[in-house]
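Next come the chains, spelled out residue by residue.
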Amino acid sequence: MGQTVIEIKGITKAYRKTTVVDNFNLLVEKGHICGLIGPNGAGKTTIMKILAGLTRADSGEISFFSGREPIDACRSKMSFMIEAPIIDYEMTAYDNLAYLRYVKGYPDMGRIDEVLELVGLENTGKKKCRKFSLGMRQRLGIAMALLAKPEILVLDEPVNGLDPEGISDVRAMLKRLVEESKATILISSHLLSELSELCTDFTFINHGKVIESLSAEELRVRCRNFISLRTNDINRTAEVLKDRLAIRDFSVCHGDIIHIFEQIDNIERISKAVTDSGLIITLLYEEGQSLEEYYLKKVADMNEKADKG
């Protein structure tokens, strides 16, 4: 396990009688891109506001960089873009960044042109931000967050309003940022598909609670297509798969069903080998789900349990 740079332990936040964050836990490692995925209203923005110090948790703890420095000193090494970016719409993109550079006391004027190019706004010139599209404003918000070269970047729905090309550009930009500067990113979205090609880790959240936390590789393994096979003798079936078909990548689920993750295109060959061995097939079909389907099913299952109370 690498160095933990964000640790959240059991934070809870309620507004009046409504709990919006409920005993939430999260670990983010240095150099990782962690996706916080949940429906609108799941509590993502509130969690990020707590991290930024914009609101207080009712209970629980947060720490950055393993708690080696006071939390305010740690936040000086971080940048946040939460909800809509704070932009002066009567100024240009360059002037917004120049003002932010002055406020933050960041010395490198050349960094302004650098981040404008990074987010694709280098040619906006004297165009005032009130004439920007929503996507352009999102790009400027990301540029503002990147200006001071933060060690940790916290981004709330940063690809909201971007077209598919814009989303792809932002993904590539953030990947490059992590590779070149070893920055760490916590990024939220209500759509897993927007972040599925970007993040190294995912935490699914609903009603302020963690549904599941897993790595990108674990998520892809769970969403692979596979053949479901059930026979009258599961142990002999496993032997047939290994000895007659040289299949090694399979697992036994629910006690009597085998999930086969290789030779999926050879379902007829698998069926013939099993029946030729004297076994009776009671179930045989290919199945699987997309990453988005997996996530939505997790959310639906949690909602169903909550409704049953």
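Residues numbered from 1 in each chain as written. Predicted model: local features only at pLDDT ≥ 70, side-chain atom pairs only at ≥ 80, totals over all residues. Heavy atoms only, no water.

It is worth spelling out the sheet that holds strand S2 (residues 18-29) at this point. One open sheet accounts for 3 strands, arranged S2-S1-S4; its pairing is antiparallel. Pairing within the sheet leaves two strands with one partner each, and these edge strands are S2 and strand S4 (59-64). Averaged over neighbouring strand pairs, the angle between their axes works out to 15° when direction is ignored. When strand S1 (residues 4-15) meets S2, the two strands line up antiparallel, connected through 8 bridges. For Ile6, the partnering residue across the bridge sits in S2 and is Val28. Set on the sheet, helix H1 (residues 44-52) makes contact with S1, S2 and S4; between it and S1 the angle comes to about 120°. (Pairing = 2+ DSSP bridges. Helix = DSSP H or I, 4+ residues; strand = E, 2+ residues; numbered from the N terminus. Axes fitted to C-alpha atoms, helices over the stretch in contact; angles between N-to-C directions. Contact = heavy atoms within 4.5 Å.)

Bringing helix H10 (residues 267-276) into the picture now. Residues of H10 that are buried include every one of Ile270, Ala273 and Val274, and no others. Looking straight down H10, one finds that the buried residues subtend no more than 95° of arc, so they occupy a single side. Across H10 from its buried face, at more than 90 degrees, point the exposed residues Glu268 and Lys272. Backbone geometry just after H10 places Gly278 at a positive phi near 85°. (Buried < 20%, exposed > 50% of the residue type's maximum accessible area, 1.4 Å probe, protein only. Arc of directions from axis to C-beta.)

Next up on the list: the packing of aromatic side chains. Where two aromatic rings form a pair, the distance of their centres and the angle of their planes describe that pair. Within the structure shown, the criterion is met by 3 aromatic pairs. Between Phe204 and Tyr295, the aromatic rings sit 5.3 Å apart at their centres with planes inclined by 45°, giving tilted as the arrangement. One end of the pair, Phe204, is in strand S8 (residues 201-206); the other, Tyr295, is in helix H11 (residues 291-308), and 91 residues separate them in sequence. Of the two residues examined, Phe204 and Tyr295, each falls in the buried class. Here the aromatic residues Phe204, Tyr294 and Tyr295 are joined through ring pairs into a cluster of three or more. Over the ring of Phe65 we find Lys77; its NZ or CZ atom is 5.4 Å from the centre of that ring. (Phe/Tyr/Trp six-rings, centres within 6.5 Å; stacked < 30°, edge-to-face > 60°. Lys NZ or Arg CZ within 6 Å of the ring centre and 35° of its normal.)

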